[in-house]
Every structure is written in structure tokens, then in C-alpha cells.
Amino acid sequence: MLYFAASRTRVDVAFTADLEAQALRAVAEARQATSRRTPPPPLEHSKKCVACSLAPICLPDETNALRVVPPAPTAPDVRRLYPPRTHAQPLYVQEQGAVVGKQGETLVVKKRGEVLARVRLKEIDQLVVCGNVQVSTQTVHLLCEAGIPVVHVSSGHWFYGITQGFTLRNAFEKAAQFEVAADRERCVEFARAFVAAKGQNQRTMLRRNGGPEVRGAVREMRRVLDRIETAASLEELLGIEGQLAGLYFESFGRMLRPPAGDLTFAFENRNRRPPRDPVNAMLSFGYAMLVKECAVALASVGLDPYWGLYHQPRHGRPGLALDLMEEFRPVVVDSAVITAVNTGMVRPRDFVTAASGCAMKDTGRKRFISAFASRLDQLVTHPIFEYRCSWRQMIRLQARLLGRCLRGEFRPYRGLVTR
Ligand code: SF4
């Protein structure tokens, strides 16, 4: 007899040889499923998924939508099972000389005995330590146990690495990544998607915000974008990406309209290492923050942020994080820079320019981080699944879908392209 506590129902079950065989078959199938490298396909439009706690990891509707060949431009049947936002936010500790400790389940940031901040563990999804900031061993243990990564960056936000507990036990994700990375043709297939999504998003940014003067560049970008589909090598794609970037950044200054026409924010071309003007300083800083965001998202789904497909492995370069960030560069970082300049969030006095280059002062960095964080939290309609989602969640969603695609659950990978 079976008793269902919720409905207080008793059901008589006749224990027959047939039933026993059926149960043993089900156990054997379950055992076999756990030893497979790829999970069984998700259920299709099952009511079970609505209440399933695994839905944001399993992504049943998203995965099924992307399995359609040829891919549909949108997949409006996808249900809203994925959370639009996470309430937890990254905690940035930028104060040089600060120490991060813990009291119970609360992180406490102190400098020379003075408490600068107290943040409850459940309010953060990563701890970002910038430059000369210490984190106590006990705090690292607590964060590892809670599955919250500690991200190490320089005071200028150059990405050093991540400290993370062993919360993920799925080694197959990485194995699939390495297999694809060893196959040059598959690398080119993924690289086409990364470059196309970045180029299309750059073009959309210009078309929306550049005014009539950029129409020529927008047309030319279309022509260059059309060559991506037939590009046969990573080197060819690098050339196409460079041409797109050239066209885009030649017109980038047209999207900047600082209050009172301040010339400090005039933009001529993209330069870096070191950036020579405030806009380039913000772009470099923003890309460094974005690569960190992508690295955390990839690590959280079990992928190796350093083993890239388009950005081939090179010592110290987080190749896969750079791959994933391509599609988000224009719509997250460039957009945050444009907002910061055009709304007066950053001011000329937030920068210091010398012969060696232009750097952001602490105030400028704080203001730009605030513009960047607001952009990541902004809700937008997902271009394929048509539900609302923050940019931060979209990065995580794409990281998970990239993992799915690497394991061969669907092909090809689809970069996120805004309309
Ligand atoms: S969300 Fe995934 S794991 Fe959960 S019931 Fe649906 S298919 Fe199964």
C-alpha cells in the first residue's frame, strides 16, 4: 500500500512479478542515465518543469527551442522559468588596505579598525577584491562553502583569477569543452557566432544612437558582416572582426553627447595599454570588468574560462571568457560608457591624464562601476526567448547554453543579438 501524505490518500498496489521487473528496469535506466556524458533531453512543455527546482539549470524550454533546425529567429513558446534577476550582487572592495573578515554569516570590511561595510552573505554572489585588499582565511572558507567566488583583480581591474570551492562535480562539461577546442573546425563554427553577434550588436548600437552621420558606416558594417558565414579560419575571422571594430570605433564618438558639449569626452579612435583619453580609459576598465563577469559565469557552470575557442589558449589569457564577452561588449560596456558620459555621471575631474596615459581616479571608478552595475541590472526582452531578463542573467544564461552546446545538445551556438 502507498500512502500520499499531501492528499491523505491510500492506494493499494498489487505486488506482482511484472511490477517488480518494471521497477528493476526503471532503476537500471536511472543508473545508466547517471553514467552518461550528456543528460537525457529535457521534457517538452511538461507541467513538471514549472515546479522543478532544477529548471534554471536544466533550461528545458530554452534547450528544446535551440534544438530546432534550422533555428527559428525567436522562440515565443519558451516559458518564464528562468529568474529575471538575482537579488544577490557582487561586492566590490576597492579601498586599498582594507581587510575583509566575517562575523557569523556577515562579511565585514574594515580599515584600521574602522568598519567600512557589513554585508550579509545571502546578499552577494561574488566578492571582488581590487588591488591591495586582504581577505581572512576564515572568510575564504565560508565563501568556498557557500559557493561564492572570490574574484581577484588589480586596482585597475586587471583580472588575476578566481578562488572557488569545489561545488561543481560535473567533469564532463570541461571534457566536452576541451574536445571542441582541439577541433579547429568546431572552433571556427563557434568563433563565427561570437564575431557575428559582436558585430551585429555594434552595428545596432550605432544605428540606434549615432544619428544620420553614421549611416555610411552602418551600411558598410552590413557588407562586412555578410562575409562571416563563409569565413573558413580563425585568422579570417580576426580580420573581419578588426574591420568591423575599425568602422564602429571611427563613428563611436557620434554616440557621445556630454552635457554642455565637454571636450574632455571627445573620442577619436580606440586606444589601449595605456588608454590615452577618458572614454578609452572607461572602455578598457569596463571590458576588464566584463571579462571578470563572464569568467565567473563560465566557472559557475563548470567550464574553464581560460581554454578559449576563438581566443586560442595563451598563458594568462582567459580565452573562453573573452569569447563569451564578445556579444556583450557593445550592449553592456559601450552602452554603460555612453550613459555615463551623456548623463554626466562621470565628470572631467574624475580622470587624470599624463604623458603615460589617462587613468580613472577613485571617484571616477566608483561612478563608472555604478553605471556598469545599473546596466547589468537593467531588464530587457530576450531577443530569442522573448521574456524579460537582466543583462547579468543573460550572461549567465548564455554561459549555461554555451556549455549545453559544447556537449552537443544543440548546434550551432547562437550569440545574443539585440534588435
Ligand atoms: S526542468 Fe528539467 S529536470 Fe526539471 S522536470 Fe523539467 S526536464 Fe526534468
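1. With respect to the packing of helix α6 (residues 184–209) against helix α11 (residues 329–342)
Part 1 of the argument: α11 packs onto α6 with a crossing angle of 35° between their chain directions and a minimal axis gap of 9 Å. Listed contacts from α11 to Lys198, Asn201, Gln202 and Met205 of α6 are Arg329, Pro330, Val331, Asp334, Ser335 and Ile338.
Part 2 of the argument: A class-by-class count of the residues in the contact of α6 with α11 yields four nonpolar, three polar and three charged.

2. Quick word on helix α4 (residues 137–146)
Because each turn of an α-helix spans 3.6 residues, side chains separated by three or four positions end up pointing in the same direction.
Part 1 of the argument: Taken together, the buried positions of α4 are Thr139, Leu142 and Leu143. Along the axis of α4, the buried residues cluster in a sector spanning 95°; they form a single face.
Part 2 of the argument: Buried residues along α4 sit in contact with β4 (99–103), β5 (106–111), β7 (124–130), β8 (134–135) and β9 (150–153).
Part 3 of the argument: With its phi angle positive at about 75°, glycine 147 sits one or two positions after the end of α4.

3. So, the nonpolar core
Nonpolar side chains in soluble globular proteins generally cluster together in the buried interior.
Part 1 of the argument: In this structure, Phe252, Met282, Phe368 and Phe385 are the most contacted members of the largest nonpolar core, which totals 102 residues.
Part 2 of the argument: By residue number, the principal contributor to this core is helix α9 (residues 278–300), which donates 14 residues.
Part 3 of the argument: The residues contacting phenylalanine 385, other than those within four sequence positions of it, are Glu62, Ala65, Leu66, Ala75, Val78, Leu397 and Leu401.
Part 4 of the argument: Counting residues in each nonpolar core, the second largest holds 16 residues, with Leu91, Val93, Val119 and Val133 among its members.

4. Here we look at unusual backbone geometry
Part 1 of the argument: In the segment running from arginine 273 into proline 274, the intervening peptide bond is cis, with an omega of 0°.
Part 2 of the argument: By the element assignment, proline 274 lies in the loop between α8 (234–252) and α9.
Part 3 of the argument: In this structure, proline 412 follows arginine 411 across a cis peptide bond, with omega equal to -5°.
Part 4 of the argument: Along the polypeptide, proline 412 turns up in the segment after α13 (391–406).
Part 5 of the argument: Despite not being glycine, arginine 8 shows a phi value in the positive range, around 50°.
Part 6 of the argument: Relative to the assigned elements, arginine 8 resides in the loop between β1 (2–4) and β2 (9–11).

5. Structural notes on the domain arrangement of the protein
Part 1 of the argument: In terms of domains, the protein is made up of domain 1 (89–163) and domain 2 (172–406).
Part 2 of the argument: Tallying the contact residues gives 18 residues for domain 1 and 19 residues for domain 2.
Part 3 of the argument: Summing the contributions of domain 1 and of domain 2, the shared interface buries around 1,400 Å²; its carbon and sulfur component is 57%.
Part 4 of the argument: The interface formed by domain 1 and domain 2 holds one salt bridge in total.
Part 5 of the argument: At the surface where domain 1 touches domain 2, the tally comes to seven residue pairs in polar contact (both at pLDDT 80 or more).
Part 6 of the argument: For the side of domain 1 that touches domain 2, the elements supplying multiple residues, two or more each, are β3 (89–93), β7, β9 and β10 (159–163).
Part 7 of the argument: With four residues, β10 is the largest single contributor of residues to the side of domain 1 that touches domain 2.
Part 8 of the argument: Partitioned by chemical class, the residues of the side of domain 1 that touches domain 2 number ten nonpolar, seven polar and one charged.

6. Some words on the state of the cysteines
Part 1 of the argument: One pass over the full model with this rule turns up zero disulfides.
Part 2 of the argument: Counting only cysteine sulfurs, cysteine 405 is the nearest neighbor of cysteine 187, a cysteine outside any disulfide, at a range of 12 Å.
Part 3 of the argument: Given the relative accessible area of 1%, cysteine 187 is considered buried.

7. Here we look at the sheet that holds β5
Part 1 of the argument: Strand order in the open sheet formed by four strands is β6-β5-β4-β8, and the pairing between neighbours is mixed. The open sheet has two free edges, formed respectively by β6 (114–120) and β8, since each of these has just one partner strand.
Part 2 of the argument: Taken together, the six bridges between β5 and β6 define a ladder with antiparallel strand orientation. Looking at β6, one finds that lysine 111 is bridged to glutamate 114.
Part 3 of the argument: Strands in contact with α4 are β4, β5 and β8; relative to β4, the strand with the most contacts, it is inclined by about 65°.

8. Regarding the sheet that holds β3
Part 1 of the argument: Pairing is mixed in the open sheet, where four strands are placed in the order β3-β7-β9-β10. Of all the strands in the sheet, the pair left with one neighbour each is β3 and β10. Averaged over all neighbouring strand pairs, the angle between strand axes comes to 20°, with direction disregarded.
Part 2 of the argument: Relative to β9, β7 runs parallel, the two sharing four bridges. If you follow cysteine 130 over to β9, its bridge partner there is valine 153.
Part 3 of the argument: Most of the contacts of α9 go to β10, to which it runs at about 25°, and overall it touches β3, β7, β9 and β10.

9. Brief notes about the environment of glutamine 94
Part 1 of the argument: Along the chain, glutamine 94 falls in the loop between β3 and β4.
Part 2 of the argument: When its relative accessible area of 19% is taken as the criterion, glutamine 94 is described as buried.
Part 3 of the argument: Sequence separation between glutamine 94 and alanine 28 is 66 residues, and the spatial gap between their C-alpha atoms is 53 Å.
Part 4 of the argument: Not counting chain neighbours up to four residues away, the residues in contact with glutamine 94 comprise Cys130, His157, Arg365, Lys366 and Ile369.

10. A closer look at the pattern of salt bridges
Part 1 of the argument: A full pass over the atoms with the stated rule returns 22 salt bridges.
Part 2 of the argument: In this structure, arginine 407 and glutamate 173 form a salt bridge, with 3.0 Å as the shortest nitrogen-oxygen distance. Placement of the pair is arginine 407 in the segment after α13 and glutamate 173 in helix α5 (residues 172–181), with a sequence separation of 234 residues. Summarising the burial analysis for this pair, arginine 407 and glutamate 173 share the class buried.
Part 3 of the argument: Where glutamate 293 meets lysine 292, a salt bridge forms, and the shortest distance between an N and an O atom there is 3.2 Å.

So, how was this worked out
- Residues numbered from 1 in each chain as written.
- Predicted model: local features only at pLDDT ≥ 70, side-chain atom pairs only at ≥ 80, totals over all residues.
- Heavy atoms only, no water.
- Axes fitted to C-alpha atoms, helices over the stretch in contact; angles between N-to-C directions.
- Helix = DSSP H or I, 4+ residues; strand = E, 2+ residues; numbered from the N terminus.
- Contact = heavy atoms within 4.5 Å.
- Nonpolar A, V, L, I, M, F, W, Y, C, P; charged D, E, K, R; others polar.
- Buried < 20%, exposed > 50% of the residue type's maximum accessible area, 1.4 Å probe, protein only.
- Arc of directions from axis to C-beta.
- Core = buried A, V, L, I, M, F, W, Y, C linked by side-chain atoms within 4.5 Å.
- Domains from an automatic or database assignment.
- Buried area = accessible area lost by both parts, 1.4 Å probe.
- Salt bridge = Lys/Arg side-chain N within 4 Å of Asp/Glu carboxyl O.
- Polar contact = N/O pair within 3.5 Å; in protein donor to acceptor, adjacent residues only side chain to side chain.
- Disulfide = S-S within 2.5 Å.
- Pairing = 2+ DSSP bridges.

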